[in-house]
Amino acid sequence: MTDDAANVPALPRDLVRALDHLGSLERGELEERYGVAPSLFAQFGLFPLTAPDEGAPLWTRENPFGEVSITRGVAVNDAGKAALTRYPSGGLPRLFLVDLASEVLAAHRRGDQHPEVIDLGHTLTRYTTERLGLRKGSRNRAVLDQITATARATITLTTTGTDARTGRRKAIAWDAPKVADQYELWLPEQDALEGFEPSITLSPAFVKLVLEGQRVPVRRDLLAQLAGKPMAFDVMLWLGGITYWLQRAGKPEAFFEWPYLFATFTHDYKRLDNFVTKWSAALTDAMHYYPEGRVEIVKGARGRPGGLRVQRSALLIEPRKGD
């Protein structure tokens, strides 16, 4: 190394990230590595972390906004008969929805005539490794089950409110946009068939949610690394949403108390302290992929609960114009 080279100051980290992002754009890698998630999915987890009891007619949990419930859908089994799907759970449905949302937006920007029809590729193995970014050797059966379960499930949000005219309490229920109206999927042990083009036709409401609703830019490749750790996946998606909001709002930081996070995130913990331990571990996992994130765990003091302070940070991906 020459003396002149030794005296050259190191490039700022944000500039290095910007140059890397620009290089990705020039190489045409943007749609593979980067994507979007509807902010609804980044605000709180909609899916169970682990598989619920298949004998239960309904899976439900409370959050600060009311209750979230999932009803299993009906699909065609390997014998060609109608059967109930499993409950969507774990990291796969989370990753699948990010993939679908990203592909809808990409198709819309290309001017495709039918952005609601998403090509899934000729083989399940290729979709699993190349599109979802999972490691080779991932269980295709599990992937297919969760794709089908996610596409067919109905997610219902319920709450109560006060009627402005009468002053009486009222019940409110609405379904989150159902993912798919139709699909043609692979069979897990079947090779590619001549002329068979697996695809999923998304519901108009889901497409509208992606194209007209609030969106959060994400790194699909990093989320794929957390597919086996669904709480860390939720933490990463949530952090991406918070840092994106801080950047757009021009705010320096935001603080979230543990009781709020306990109520918001999808989990199976009955006690706050157990949740905090698990959430903190999930944060550590997520921060391995987001070292630029400025996050601080704050201890409680004088009767005030602790929580998490998130400061405005370098984004994992700079938003495009219009995002």
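These remarks concern the structure in this document. (Residues numbered from 1 in each chain as written. Predicted model: local features only at pLDDT ≥ 70, side-chain atom pairs only at ≥ 80, totals over all residues. Heavy atoms only, no water.)

### Some details on the pattern of salt bridges
Part 1 of the reasoning: Scanning the entire structure with this criterion turns up 15 salt bridges.
Part 2 of the reasoning: Ionic pairing is found between Arg 86 and Asp 145, a salt bridge with its closest N-O pair at 3.9 Å. With Arg 86 in the loop between strand S5 (82–84) and helix H5 (91–110) and Asp 145 in helix H7 (residues 140–152), this pair connects stretches of sequence that are 59 residues apart.
Part 3 of the reasoning: A salt bridge links Arg 126 to Glu 130; its shortest N-O distance comes to 3.8 Å. Linking Arg 126 with Glu 130, this pair stays in helix H6 (residues 124–131), spanning 4 residues, or about one helical turn.
Part 4 of the reasoning: Counted as one network, the salt bridges with shared partners bring together Asp 99, Glu 103, Arg 131 and Arg 220. (Salt bridge = Lys/Arg side-chain N within 4 Å of Asp/Glu carboxyl O. Helix = DSSP H or I, 4+ residues; strand = E, 2+ residues; numbered from the N terminus.)

### Some points on the environment of Ile 118
Part 1 of the reasoning: Counting through the fold element by element, Ile 118 comes out in strand S6 (residues 117–119).
Part 2 of the reasoning: By relative accessible area, Ile 118 is classed as buried at 4%.
Part 3 of the reasoning: Sequence separation between Ile 118 and Glu 103 is 15 residues; the distance between their C-alpha atoms is 7.0 Å.
Part 4 of the reasoning: Apart from the residues within four sequence positions on either side, Ile 118 is in contact with Leu 100, Glu 103, Val 104, Arg 131, Pro 198, Ser 199, Ile 200 and Leu 202. (Buried < 20%, exposed > 50% of the residue type's maximum accessible area, 1.4 Å probe, protein only. Contact = heavy atoms within 4.5 Å.)

### Focus on the sheet that holds strand S10 (residues 199–202)
Part 1 of the reasoning: In spatial order, the strands read S6-S10-S9; together these 3 strands make up an open sheet with antiparallel pairing. With partners counted over all chains shown, the strands left at the sheet margins are S6 and strand S9 (180–184), one partner each. Within this sheet the neighbouring strands show an average axis-to-axis angle of 15 degrees, counted without direction.
Part 2 of the reasoning: Here S6 runs beside S10; their pairing, made up of 3 bridges, is antiparallel. By the bridge assignment for S10, Val 117 is matched with Thr 201.
Part 3 of the reasoning: Strand contacts of H5: S6 and S10, with the helix running at about 75 degrees to S10, the strand carrying the most contacts.
Part 4 of the reasoning: Here H7 sits on the sheet and contacts S9 and S10; the angle it forms with S9, its principal contact strand, is near 150 degrees. (Pairing = 2+ DSSP bridges. Axes fitted to C-alpha atoms, helices over the stretch in contact; angles between N-to-C directions.)

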